[in-house]
Amino acid sequence: MTTPARPDTEVVFDPATYAAGVPFDALARLRRDTPVAWVPEIPVLGWPEGPGFWLVLRHADVESVLRRPELFSSALGATQIRDPATPQALSYVRRMMLNMDPPEHSRLRRLLSRSFTPRAVAGLEDRIRGHARAICDRVFTGPRGECDFAKDVAADLPLLALADVLGVPEQDRWLLFDWSNRVIGYQDPDYATSAEFDPAQGTPMAREALAVRPGPDASGRMPDPRTRGGMPDLYAYAHLLAERKRRRPGDDVMSILLAQPDEGGVSVAEFENMFWLFAVAGNETLRNGLPGACIALLEHPRVQAELRADPALLPVAADEMLRWWTPVMTFRRTATADCELGGQPIRARDKVVVSFTSANRDEAVFADPDRFDIRRQPNPHLAFGHGPHFCLGAHLARTQMRALFAEVLARTSALDYAGPPSYLRSNFQRGVKRLPVAWTA
């Protein structure tokens, strides 16, 4: 007796699906047949059943949702598919810029944008290129070798760049790695209890923060990292860092932010929540985008040769790498009123989840969308979002991608798989846990 096929909506919702890869066929069928599809929230991974949501699959509809915060709110139910467990948990996440609507969002974004001064950004770009060189100096030594590209190469560059943005001492940067693992990878047992940071190598601030780090309960489950109680070590560190910056400001973006006097400036609580956003969102997207880009090159050896022969192709190629991989797969909004989207009636308070993965493969926008085309122009991908919440770090993310692959390709004549990659169990981040790579100098 054959097992009946699971509905496509169930396949694309189940986080376990993604440990074997993105279900592009299921997304393509839904995009063609029901471009705004109702998805039941079945019980998964020990989480209870949810109320269900509308999944938005076409590029034009995704853009329409994201540019209309008055109709599709980030604050009403926050931006994760699963509802916060309690009203207190919802109230907590609403204090983060990611989960705000105008005018609150506009004020904080304006303050933060001003902190990315041309001088600060130019300094960051120089340091990013230096970090990429140093990482590749360490990894690519000798005539040939093997490495875990995800951990040995891709993980460290966003951490170093973020440490520069946040003014975090370099020796504490692996705290950022553990925090983003816990928040983004809470659906995956390998990530939920991440502890890569070595306290012996860190600052006194780091040791003070680690003293309040939570541990698993009797069932082995960590507290929900999307609540303040689930991340007390991150908030303790952010508080200590803010105090230190007010006493001794540096030239980093967060010091500039704290020094802004107008519009009431930035409170300690606002700084702590921005620190959370940068430490997690600022790290995770690129940390998965870089190994995703490497996988694109491993699966297309001729493209490796083209980029080695003409490094000037890298700026355009970087955007195609982001489109082809799409690190952040979904984001949630909540309808504020009855409306219609893609011909589908939506009720007030319904969850509306946009699929960046589907939108970035929409045949109506991208010719031959499954093809990895490093000369694709124009390339209106949505890997950095769209509308008022468009990613503030997009420019620095592109800089990191170009800098790292310029170094990797210049130092190697061949890159190949040295074993199968391992993917994150998540319906939110297209994560790469391990990527064994063999290289020849």
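In what follows, the accompanying structure is described. (Residues numbered from 1 in each chain as written. Predicted model: local features only at pLDDT ≥ 70, side-chain atom pairs only at ≥ 80, totals over all residues. Heavy atoms only, no water.)

If you walk through the whole model with that rule in mind, you get 16 aromatic pairs. Judged by centre distance (5.3 Å) and plane angle (80°), the ring pair of Phe140 and Trp439 falls under edge-to-face. With Phe140 in the loop between helix H6 (118-139) and strand S4 (144-148) and Trp439 in strand S12 (residues 436-440), this residue pair connects regions lying 299 residues apart in the sequence. Of the residues examined, Trp439 reaches a relative accessible area of 3% and is grouped as buried. Considering the side-chain rings of Phe331 and Phe356, the 6.4 Å spacing of their centres and the 70° angle between planes classify their relative orientation as edge-to-face. Highlighted residues: Phe331 in strand S5 (residues 330-335) and Phe356 in helix H17 (residues 356-359), separated in sequence by 25 residues. No difference in accessibility class separates Phe331 from Phe356, as the two residues are buried. (Phe/Tyr/Trp six-rings, centres within 6.5 Å; stacked < 30°, edge-to-face > 60°. Helix = DSSP H or I, 4+ residues; strand = E, 2+ residues; numbered from the N terminus. Buried < 20%, exposed > 50% of the residue type's maximum accessible area, 1.4 Å probe, protein only.)

At 3.6 residues per turn, the α-helix brings residues three or four places apart onto the same side. Between its first and last C-alpha, helix H12 (residues 232-247) extends 23 Å over 16 residues, near the 22 Å set by a 1.5 Å rise per residue. Listed in full, the buried residues belonging to H12 are Asp233, Leu234, Tyr235, Tyr237, Ala238, Leu240, Leu241, Ala242 and Lys245. As for H12, its buried residues are in contact with helix H4 (87-93), helix H8 (156-166), helix H9 (173-184), helix H11 (204-210), helix H13 (253-258) and helix H14 (268-299). (Expected span 1.5 Å × (residues − 1). Contact = heavy atoms within 4.5 Å.)

Ordered in space as S4-S12-S9, the 3 strands form an open sheet in which the pairing is antiparallel. Pairing within the sheet leaves two strands with one partner each, and these edge strands are S4 and strand S9 (414-417). When strand polarity is set aside, the average angle formed by the axes of neighbouring strands in this sheet is 25°. Its contacts with the sheet place H14 against S9 and S12, and it is angled at close to 100° to S9. (Pairing = 2+ DSSP bridges. Axes fitted to C-alpha atoms, helices over the stretch in contact; angles between N-to-C directions.)

The next thing to look at is the pattern of salt bridges. Inspection of the entire model under this criterion finds 26 salt bridges. For the salt bridge of Asp319 with Arg398, the shortest nitrogen-to-oxygen distance reads 3.0 Å. Of this pair, Asp319 sits in helix H16 (residues 314-325) while Arg398 sits in helix H18 (residues 394-411), placing them 79 residues apart in sequence. Classification of Asp319 as buried rests on a relative accessible area of 15%. One salt-bridge network, held together by shared partners, links Glu41, Asp83, Arg332 and Lys351. (Salt bridge = Lys/Arg side-chain N within 4 Å of Asp/Glu carboxyl O.)

It is worth spelling out the environment of Ala414 at this point. By the element assignment, Ala414 lies in strand S9. Of the residues examined, Ala414 reaches a relative accessible area of 23% and is grouped as partly exposed. The sequence separation of Ala414 and Gln304 amounts to 110 residues, and the corresponding C-alpha distance is 7.8 Å. Excluding anything up to four places from it in sequence, Ala414 contacts Gln304, Arg308, Ala438, Trp439 and Thr440.

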